[in-house]
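# Chains, contacts and geometry: an overview
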Amino acid sequence: MYDIAIIGAGIIGTFIARELSRYNLDIVILEKDNDISSGATKANTGIVHAGYDAKPDTKMAYFNVKGNPMFDKVCEELDVTFKRKGSLVLGFNEEDMETIEELYERGKKNKVPNLEIIDRERIEELEPNIGKDVVRALYAPTAGIISPWELAIGLAENAMDNGAELMLNTEVKDIESMDNGYKIKTNEKEIEAKYIINCAGVYADEISRMVGDNSFKITPRSGQYYLLDKNAGRIMNTVVFQCPRKFGKGVVISPTAHGNIIVGPDNEISPNKDATETTGYRLEMIKQTAQKSIDGIPFNKNITNFTGIRAEPDTGDFIIEESKVAKGFINVGGIKSPGLTSSPAIAEYVVEIVKNISAGLEEKKDFNPRRRKVIRFAELSNEEKAELIKKDPSYGKIICRCETVTEGEIIDCINRNAGATTVDGVKRRTKAGFGRCQGGFCMPRVMEILARELNKDMTDIVKDKTGSYILTGETKEIENEEK
Ligand SMILES: Cc1cc2nc3c(=O)[nH]c(=O)nc-3n(C[C@H](O)[C@H](O)[C@H](O)COP(=O)(O)OP(=O)(O)OC[C@H]3O[C@@H](n4cnc5c(N)ncnc54)[C@H](O)[C@@H]3O)c2cc1C
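Residues numbered from 1 in each chain as written. Predicted model: local features only at pLDDT ≥ 70, side-chain atom pairs only at ≥ 80, totals over all residues. Heavy atoms only, no water.

### Some details on the environment of A54
Checked against the element boundaries, A54 lands in the loop between β3 (47-48) and α2 (59-67). Separated by 283 residues in the primary sequence, A54 and S337 place their C-alpha atoms 9.4 Å from one another. Aside from chain neighbours lying at most four places away, what touches A54 is M60, A61, R106 and N110. (Helix = DSSP H or I, 4+ residues; strand = E, 2+ residues; numbered from the N terminus. Contact = heavy atoms within 4.5 Å.)

### As for a negative patch on the surface
Taken together, the side chains of E94, E95, E98, E101 and E105 present a region of like negative charge at the surface. Within the element layout of this structure, E94 appears in helix α4 (residues 94-109). With a relative accessible area of 63%, E94 lands in the exposed category. (Patch = residues over 30% accessible without salt bridge, like charges linked within 9 Å, V, L, I, M, F, W, Y side chains within 5 Å. Areas by Shrake-Rupley, 256 points an atom, 1.4 Å probe, with all protein chains shown as cover. Salt bridge = Lys/Arg side-chain N within 4 Å of Asp/Glu carboxyl O. Lys, Arg positive; Asp, Glu negative; His and termini not counted. Charge placed at Lys NZ, Arg CZ, Asp CG, Glu CD. Buried < 20%, exposed > 50% of the residue type's maximum accessible area, 1.4 Å probe, protein only.)

### Topic: the site of the ligand
Looking at the ligand, there are 39 residues lining it, with E31, T41, I47, I335 and T341 nearest. I47 places a main-chain nitrogen or oxygen 2.8 Å from a nitrogen atom of the ligand. Within the backbone of V172, an N or O atom sits 3.0 Å from a nitrogen atom of the ligand. Elements with a contribution of two residues or more to the shell around the ligand: α1 (11-20), β18 (302-313) and α9 (339-357). Along the lines of polarity and charge, the residues of the shell around the ligand split into 18 nonpolar, 15 polar and six charged. (Near = heavy atom within 4 Å. Polar contact = N/O pair within 3.5 Å; in protein donor to acceptor, adjacent residues only side chain to side chain. Nonpolar A, V, L, I, M, F, W, Y, C, P; charged D, E, K, R; others polar.)

### A short note on empty space enclosed by the protein
Scanning the model with the defined rule gives one cavity of 30 Å³ or more in all. Considered as a void within the structure, the largest cavity measures approximately 50 Å³ in volume. In terms of lining residues, the largest cavity is bounded by H49, Y52, D53, V89, L103, F241, Q242, P244 and K249. (1 Å grid on protein atoms, 1.4 Å probe; cavity = no way out; pocket = protein on both sides within 12 Å on 5 of 7 lines; lining within 4 Å. Points joined across faces, edges and corners; volume = space filled by probe spheres on them.)

### Here's the deal with the domain arrangement of the chain
In terms of domains, the chain is made up of domain 1 (82-145 + 220-308) and domain 2 (377-477). Once you take the C-alpha centre of each, domain 1 and domain 2 turn out to be 32 Å apart. Facing the eight residues of domain 1 at the interface are seven residues of domain 2. Counting the surface lost from both domain 1 and domain 2, the interface buries some 620 Å², and carbon and sulfur atoms represent 50% of this. Three residues stand out in domain 1 for area buried against domain 2, namely K230, H258 and I303, and they jointly supply 61% of the buried area on that side. Between the two partners, domain 1 and domain 2, sit two salt bridges. A salt bridge links K230 to E403; the nearest nitrogen and oxygen atoms lie 3.0 Å apart. Seen at the junction of domain 1 and domain 2, the total is two residue pairs in polar contact (both at pLDDT 80 or more). (Domains from an automatic or database assignment. Buried area = accessible area lost by both parts, 1.4 Å probe.)

### Here we look at the layout of surface pockets
Size it by volume and the second largest pocket reaches roughly 470 Å³. Lining the second largest pocket we find 30 residues, and of these E150, V374, R376, R429 and T430 sit closest to its centre. Counting only elements with at least two residues in the lining of the second largest pocket, the list comes to α6 (148-161), α11 (407-415) and α12 (423-430). Lining the lining of the second largest pocket are residues from two domains, each supplying at least three of them: domain 1 (82-145 + 220-308) and domain 2 (377-477).

### Considerations on the pattern of salt bridges
Considering all chains together, one arrives at 44 salt bridges under this definition. Residue D33 is joined to K32 by a salt bridge in which the shortest nitrogen-to-oxygen separation is 3.6 Å. The exposure class of K32 is partly exposed, given its relative accessible area of 34%. Salt-bridge contacts for E448 lead to R445; the nearest nitrogen and oxygen are separated by 3.3 Å. Taken together, the positions of E448 and R445, both in helix α13 (residues 443-454) and three residues apart, correspond to about one turn of that helix. A residue is classified by how much of its surface remains accessible, and R445, at 34% relative accessible area, is partly exposed. Residues joined by salt bridges that share partners form a network here, namely R18, E19, R22, K73 and E77.

### A look at the pairing of strand β5 (residues 87-91)
When you tally the buried positions in β5, you get five out of five residues, the bulk of the element. Neither face of β5 is open: one carries S87, V89 and G91, the other L88 and L90, and all of them are buried. Taken together, the five bridges between β5 and strand β7 (residues 136-140) define a ladder with antiparallel strand orientation. Directly across from L88, in β7, lies its bridge partner Y139. Bridge count for β5 against strand β14 (residues 239-241) is three bridges, and the pairing is parallel. Opposite L88, over in β14, you have V240 as the bridge partner. (Pairing = 2+ DSSP bridges.)

### Details of the environment of N300
Structurally, the position occupied by N300 is in the loop between α8 (280-290) and β18. Linking N300 and A9, residues 291 residues apart in sequence, is a C-alpha distance of 35 Å.

Okay, here's the thing in structure tokens:
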């Protein structure tokens, strides 16, 4: 029997797993998909928010403001890219000015440091390409940008380095209560655990219902995006918002942690919890709206579009508590934005809940907060590159030309704890396929390396989700079958 079963390997589940792996506990993470970060965590804006947006005295405000300063340390320990770029909320007219004043006051109540309302001259110093109709802005220097899936992967790897177990392709189907814990029925096997932590994102309400807790309902709301090529990245420096509307923070234009530009999201009710398709008319609206904020956004450098699904709770706030009807079952649900920003503080809080409901936790003497450094070949000096290739010639073989990713980096990302098993898994870990050609050149090479390292046939390698096969067999085999 495990001490703790965590359901869901998004940013919340992986952060909690990593923080609990500091203690002598048998931990298992159950994830229905074939990789870490398959839900909202892989498709969001990647902003570490300053904390002026959430209403004071909500959990969202509390965990956002507490979480924001925690990113520097964890990203340093796990070798994850994180940059404090600062954010602007733009004001175009009188109504916006009122909203900006309100956000400033809210930010002060939430204890956001160094907030300022700045005029056009200061805005232009920060953003020379700011839209011509912008008059004033709320400036929050503590806002940051991060690659959210990179952090989730780093957290899962570190949790596993410290003894946690990860079960991918393991979907929780039902949960039965026992005298001393729970029996979890999955598509694979039955698992027993003393405590369950429900971090199932948009599915958290359905998991909660499995133990008879109907206290909240999640509505999926989708947001669509453009991702522009790295060579568009120089047009701006900070994260640029417009004033928030009824649902959400409005369209954002932001540099990404990897130097691209991201534009989006909009906010609409999603037809279902997995509806990640994009639509022309919504993208067109995002484009029209964004062009007011920054002059000359090069939409002709768009390299991909995608959709993320928010977990909108009917309670209006995060749900982070032991269930009132199921002892030892902890819900961490309704974690919509600013959920990424809040994740370090939420994880710390959930550890406290576990301490309170168990007989206390014993710290591991040999907990290692660091993961092995990730080699990013493109960022090395020529001398470092030459030295590395001398030690391991696989770093001399460029597989992805757009992002300069080597075979050595791909082999490494497959063979780590929580390693890649799919083409997009390699992309999320190394950036191979992330560039302008979106894998057009390197995908077959990446597949060959995956098949070799995982001892699989090329036809078994999928692009992303289970079933997203790329090859079905050899051309001649199929031709012969047809005859
Ligand atoms: C469009 C958009 C923009 C956002 N922008 C920001 C932002 O800029 N800054 C910010 O702070 N926050 C942002 N957020 C919010 C942030 O992305 C989320 O709060 C965060 O990713 C939630 O993480 P999670 O782990 O709760 O959920 P998820 O990442 O969705 O993880 C849940 C996991 O549970 C798994 N699962 C579900 N059901 C089962 C089952 N039955 N068995 C096993 N596993 C299961 C899923 O496969 C998934 O991997 C944004 C969200 C969206 C959608």
